[in-house]
Amino acid sequence: MIHKIALLGAGGSGKSSILEMKKSKTFQENKSITIGVDIEFIPIQNPEIDDGKGQFYTVDLGGQQRFQLMHDAYIKGIEGALIVFDLSRYRTFVDIPTYIDLVIKENISIPILLVGNKIDLISKDQEEQYEKDLITFYEKYRDKCNLYGYIFTSAKNNYNIEGTFAICEEMILWEKYPLQAQVSKKAHQLQN
Ligand SMILES: Nc1nc2c(ncn2[C@@H]2O[C@H](COP(=O)(O)OP(=O)(O)OP(=O)(O)O)[C@@H](O)[C@H]2O)c(=O)[nH]1
Ligand SMILES: [Mg+2]
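The structure presented is a predicted model; accordingly, all values stated were derived computationally and were not measured. (Residues numbered from 1 in each chain as written. Chains lettered and ligands numbered in written order. Predicted model: local features only at pLDDT ≥ 70, side-chain atom pairs only at ≥ 80, totals over all residues.)

Visitor: I would appreciate a short explanation of the site of ligand 1 in the present structure.
Guide: By nearness alone, 23 residues border ligand 1, and Gly 14, Ser 16, Ser 17, Thr 34 and Gly 63 come closest of all. A total of three residues in the shell around ligand 1 trace back to one element, the largest contributor, which is helix 1 (residues 15-24). Taken together, the residues that form the shell around ligand 1 break down as three nonpolar, 14 polar and six charged. (Near = placed C-beta within 6 Å. Helix = DSSP H or I, 4+ residues; strand = E, 2+ residues; numbered from the N terminus. Nonpolar A, V, L, I, M, F, W, Y, C, P; charged D, E, K, R; others polar.)

Visitor: Even after reading the chapter, I still don't get the sheet that holds strand 5 (residues 111-117), so can you show me in this structure?
Guide: Reading across from one edge, 2-3-1-4-5-6 is the order of the six strands in this open sheet, with mixed pairing throughout. In the strand order of this sheet, the two ends are held by strand 2 (37-43) and strand 6 (146-152), each with one partner. Strand after strand, the sheet turns through a mean of 25° between neighbouring axes, direction not considered. Where strand 1 (residues 2-8) meets strand 3 (residues 55-61), six bridges bridge the pair, whose relative direction is parallel. Paired with Ile 5 across the bridge in strand 3 is Thr 58. Docked against the sheet, helix 1 engages strand 1, strand 2, strand 3, strand 4 (80-86) and strand 5, running at close to 30° with respect to strand 2. (Pairing = 2+ DSSP bridges. Axes fitted to C-alpha atoms, helices over the stretch in contact; angles between N-to-C directions. Contact = placed C-beta atoms within 7 Å.)

Visitor: Please explain unusual backbone geometry as it appears in this structure.
Guide: Negative phi is the rule for most residues except glycine; trans is the rule for most peptide bonds. Backbone geometry places Lys 118, a non-glycine residue, at a positive phi of 70°. Following the sequence through the fold, Lys 118 ends up in the loop between strand 5 and helix 5 (124-141). Since 23 C-beta atoms lie within 10 Å of it, Lys 118 is described here as buried. Of note in this structure, Asn 158 is not a glycine but carries a positive phi near 50°. Among the secondary structure elements, Asn 158 is positioned in the loop between strand 6 and helix 6 (161-176). On the neighbour-count criterion, Asn 158 (15 C-beta atoms within 10 Å) is partly exposed. (Buried ≥ 20, exposed ≤ 12 C-beta atoms within 10 Å, placed from the backbone.)

Visitor: How do you make sense of the nonpolar core when you look at a structure like this?
Guide: Nonpolar side chains in soluble globular proteins tend to be buried together. Of all hydrophobic cores here, the largest spans 45 residues; its most connected members are Ala 6, Ala 81, Leu 82, Ile 83, Ile 112, Leu 113 and Cys 168. Ranked by residue count, the leading element in this core is helix 6, at seven residues. (Core = buried A, V, L, I, M, F, W, Y, C linked by C-beta atoms within 7 Å.)

Visitor: Looking at this model, I keep getting lost on the environment of Lys 31. Mind explaining?
Guide: Its place among the elements puts Lys 31 in the loop between helix 1 and strand 2. We classify Lys 31 as partly exposed; it has 14 C-beta atoms within 10 Å. For the pair Lys 31 and Gly 12, spaced 19 residues apart in sequence, the C-alpha to C-alpha distance is 9.0 Å. Filtering out sequence-adjacent residues up to four positions away, Lys 31 remains in contact with Ser 16 and Ser 17.

Below, the structure is given as structure tokens:
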């Protein structure tokens, strides 16, 4: 079975780099922007989904302003959303609600994972500050959308890239098994 998910978030936050690292274990320092949208298929490893034979159909949405008009059409039918922001540019964190609005316009119950990418560019102190900000953010948005959790990644260093997709697999299951999700959510630290 095919499970559609979307990667969205500010231009240059690393959506395509995350996908490239997942698919081909490579990273490009000067990757070109995504024109419109890119589509990739990613095998699902979790044996609880389609007996381990499922695939993600990922839509990687170009973050440049001029492509945002197309987003509604590509978000149709997604089972999960990854909202990627760039930890080295705080403005991209501030932009997250714009992308949440896009997702909930399609369906309020779509699970959303916040992905703070480029962790290789920030200090430990900055990382801790983001963790606090994310908890505050969660408190503010928990009733407005289906926030699943957050993860910090580096596409450059292949840090937490596999983990991100493992969490995506859990998100898909979560729709079916809400109780299991309660446990996962705690694991990802958004709930005390
Ligand atoms: N240092 C560092 N650079 C990264 C990382 N991920 C991506 N980059 C760089 O950031 C730039 C933008 O990455 P992309 O993957 O093209 O970003 P995007 O979100 O797909 O951008 P759009 O397609 O315009 O929406 C590229 O030059 C990458 O090399 C990371 O984890 N660390
Ligand atoms: Mg891109």
